[in-house]
Amino acid sequence: MLDDNNTVAPAPIKKFLAWYSEAQTGKRGKSSRSYLISSGFGLLRKTLSVTLPWLNLFRPDIATLATVTPDGKPSARSILFKGLVDGGFSFYTDYESDKGKELALNPSAVMLFCWSVPPRQVRIDGKVQKLSREAAKLYWESRTRANQVAFVAVRQSSILSSREEFIEKARQVEQIYRGKPIPCPDSWGGYSLVPEMIEFWEGRVDWLHDREKYILNNEGWARIKLGP
Ligand SMILES: Cc1cc2nc3c(=O)[nH]c(=O)nc-3n(C[C@H](O)[C@H](O)[C@H](O)COP(=O)(O)O)c2cc1C
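Keep in mind the model is a prediction, meaning the values are calculated, not measured.

What follows is about the site of the ligand. Inspection of the region around the ligand gives 15 residues, with Thr 93, Ser 97, Asp 98, Lys 99 and Ser 157 positioned closest. Listed by contribution, the elements that provide at least two residues to the shell around the ligand are β2 (74–80), β4 (88–94) and α3 (98–105). Tallying contributions element by element places β2 first for the shell around the ligand, with five residues.

This part takes up the nonpolar core. In terms of nonpolar packing, the biggest core is built from 29 residues, with Ala 109, Met 111, Val 122, Ile 124, Tyr 191 and Leu 193 touching the most fellow members. Those elements giving two or more residues to this core turn out to be α1 (11–25), β1 (62–68), β4, β5 (108–115), β6 (120–130), α4 (133–142), α5 (145–153) and β7 (188–202). Ranked by residues supplied to this core, first place goes to β7 with five residues. In this structure, Met 111 is in contact with Ala 63, Leu 65, Phe 89, Ile 124 and Leu 193, ignoring residues within four places of it in sequence.

Further remarks concern the pairing of strand β9 (residues 220–225). Burial runs low along β9: only zero of the six residues are buried. Taken together, the six bridges between strand β8 (residues 210–217) and β9 define a ladder with antiparallel strand orientation. By the bridge assignment for β9, Glu 212 is matched with Lys 225. Between β8 and β9, which pair antiparallel and follow one another directly, the connecting turn spans two residues.

Another aspect to go through is unusual backbone geometry. Of the consecutive residues Val 117 and Pro 118, the connecting peptide bond is found in the cis state with omega at -10°. Within the secondary structure layout, Pro 118 lies in the loop between β5 and β6. In this structure, Trp 207 is a non-glycine residue whose phi angle is positive, near 70°.

Looking at the element boundaries, Ser 90 is found in strand β4. The exposure class assigned to Ser 90 is buried, which follows from the 23 C-beta atoms found within 10 Å. The residues contacting Ser 90, other than those within four sequence positions of it, are Lys 82, Gly 83, Val 85, Leu 131, Gly 190, Tyr 191 and Ser 192.

The next subject is the pairing of β2. Inspection of the sheet shows β1 paired to β2 by seven bridges, in the antiparallel sense. The residue bridging Thr 64 from the neighbouring strand is Ser 78, located in β2. Linkage of β1 to β2, two consecutive antiparallel strands, is achieved through a turn of five residues, within which Gly 72 is found at a positive phi near 80°.

The rules behind the values
- Residues numbered from 1 in each chain as written.
- Predicted model: local features only at pLDDT ≥ 70, side-chain atom pairs only at ≥ 80, totals over all residues.
- Near = placed C-beta within 6 Å.
- Helix = DSSP H or I, 4+ residues; strand = E, 2+ residues; numbered from the N terminus.
- Core = buried A, V, L, I, M, F, W, Y, C linked by C-beta atoms within 7 Å.
- Buried ≥ 20, exposed ≤ 12 C-beta atoms within 10 Å, placed from the backbone.
- Contact = placed C-beta atoms within 7 Å.
- Pairing = 2+ DSSP bridges.

This is the structure we're talking about:
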């Protein structure tokens, strides 16, 4: 399997890409006993996604991102995974949000995916690097106008006196940029989580779940089997 650079991906990246693709379709490999159940669910998922797309019921791209606060406490929230960039797991955010400030002080982070059908979890531990300004601008331009207005109106993670304040600020932004493109703010940007450890967990009907982790060392990726 090839990664985003069309080079042969290392084993854990290959496995992630296969699982991510299966999480999108709801299907496990054909050899699996749960293939039929998964296929049925895949059909239901496809039907619901087409007939009720706004429900956003099946989003394998939603992940939990955990960072560390300056006083060493865990800090977690959902983000949207935006694909592999140079072997790292990318997402976009406000560099001046709480997570942005935390990552500036300590680049260590964990990205956690949890998919129901097939039942799987992937945990990626590593350090983040900022993506290029060009990438930020490109992604910004792909966002809807409403999304851009909301982002420019208030700083992510800032304290608001009320929802009305947010609505009023959004209205002001709309007025300022009426008929003009909204430029990509300096604080808008992406990160790539460069993996140092990738752990896979897969649920089995007999409760003998599969769990293995890959750790990056000087020789490459070492694989370890673990109890579930
Ligand atoms: C499904 C879902 C997807 C989200 N995706 C993103 C995202 O891609 N980037 C982002 O900055 N915030 C995203 N958010 C909002 C974050 O979870 C969070 O509230 C926000 O980033 C502020 O987090 P912070 O104060 O810890 O920095 C998402 C929320 C949900 C529920």
